[in-house]
Amino acid sequence: DAGVTQSPTHLIKTRGQQVTLRCSPKSGHDTVSWYQQALGQGPQFIFQYYEEEERQRGNFPDRFSGHQFPNYSSELNVNALLLGDSALYLCASSLATSGGIVRETQYFGPGTRLLVL
Amino acid sequence: AQTVTQSQPEMSVQEAETVTLSCTYDTSENNYYLFWYKQPPSRQMILVIRQEAYKQQNATENRFSVNFQKAAKSFSLKISDSQLGDTAMYFCAFMKHRVTGGGNKLTFGTGTQLKVEL
């Protein structure tokens, strides 16, 4: 049973650049959520995708955008990188029931460590 | 908005002993879910246990159990027979129960670093 996978595992960028992170959900899952975890902090919700649409968004600026593909995989894009964007970016997948209600348990990938210099 | 508070930044326990990690939360919701996730040094977030707020019975998963006090908005994690592999950051998390279509999110606490010692 394939778990949640993320790529790349590590990434180094400079301020002002743009970055794309990728996530493949657990087999059978159709909903993807993205979280940002700064060092020493708990994860913060960025947004959630279901049926290729953003269904919920956290308190993050428009520089953070995403996409979900027909195969349920997802991308997180961050434009105009700031030093403060350095963090571990976690992807989690879950399965929506009928009507798009997300089942409660989210399973996480290993994360992408982004360093902005 | 929901908040989750973990007041113990660090804890340590001897191998084979029992330890309890505390978590409190604030919400006006009546139906919700609570989770404990474990994050070892690899930083892979691993689900430990979950609790549905409508269930009075406390959840148990092998050596892990919770003490869920809905009125007090308290959700503590008890680890019995602690093992070296239990060394990790433990996060308490909250999720609303949604009855209409739409997304949902986890709200995490700041974590408790648990160290299991020989």
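In what follows, the structure referred to is the one given above.
Residues numbered from 1 in each chain as written. Chains lettered and ligands numbered in written order. Predicted model: local features only at pLDDT ≥ 70, side-chain atom pairs only at ≥ 80, totals over all residues. Heavy atoms only, no water.

### Remarks on the pairing of strand 8 (residues 74-78) of chain A
Residue and element names in this part refer to chain A.
Stage number 1. Within strand 8, five of the five residues are buried, which leaves it mostly tucked inside the rest of the structure.
Stage number 2. Burial of strand 8 is two-sided: the residues S74, L76 and V78 facing one way and the residues E75 and N77 facing the other way are all buried.
Stage number 3. Here five bridges tie strand 3 (residues 19-24) to strand 8, and the two strands are oriented antiparallel to one another. Paired with R22 across the strands is E75, a residue of strand 8.
Stage number 4. In terms of strand pairing, strand 7 (residues 64-68) meets strand 8 through five bridges, oriented antiparallel. Across the sheet, F64 pairs through a bridge with V78, a residue of strand 8.
Stage number 5. Between strand 7 and the antiparallel strand that follows it, strand 8, lie five residues; Y72 among them carries a positive phi value of about 80°. (Buried < 20%, exposed > 50% of the residue type's maximum accessible area, 1.4 Å probe, protein only. Helix = DSSP H or I, 4+ residues; strand = E, 2+ residues; numbered from the N terminus. Pairing = 2+ DSSP bridges.)

### A look at the environment of E54 of chain A
All names here are of chain A.
Stage number 1. Examined against the element boundaries, E54 turns out to sit in strand 6 (residues 53-57).
Stage number 2. A relative accessible area of 36% means that E54 is categorised as partly exposed.
Stage number 3. Each C-alpha atom of the pair E54 and Q68 lies 8.4 Å from the other, and the pair is 14 residues apart in sequence.
Stage number 4. Residues contacting E54, with those up to four places away along its chain left out, are F47, Q48 and Y49. (Contact = heavy atoms within 4.5 Å.)

### A word on the nonpolar core
Stage number 1. In this structure, Y25, W36, F75, L77 and Y90 of chain B are the most contacted members of the largest nonpolar core, which totals 25 residues.
Stage number 2. Only strand 3 (19-21), strand 5 (32-39), strand 6 (46-52), strand 8 (64-69), strand 9 (74-79), strand 10 (88-96) and strand 12 (112-117) of chain B provide two or more residues apiece to this core.
Stage number 3. Ranked by the residues each element gives to this core, the list is headed by strand 10 of chain B, at four residues.
Stage number 4. When neighbours within four sequence positions are excluded, L77 of chain B is seen to be in contact with V19, T20, L21, W36, V48, I49, F64, S65, V66 and Y90 of chain B.
Stage number 5. By size, the runner-up hydrophobic cluster in this structure holds 19 residues, among which are I46, F60, L81 and Y89 of chain A. (Core = buried A, V, L, I, M, F, W, Y, C linked by side-chain atoms within 4.5 Å.)

Taken by themselves, the reported measurements are silent on function.
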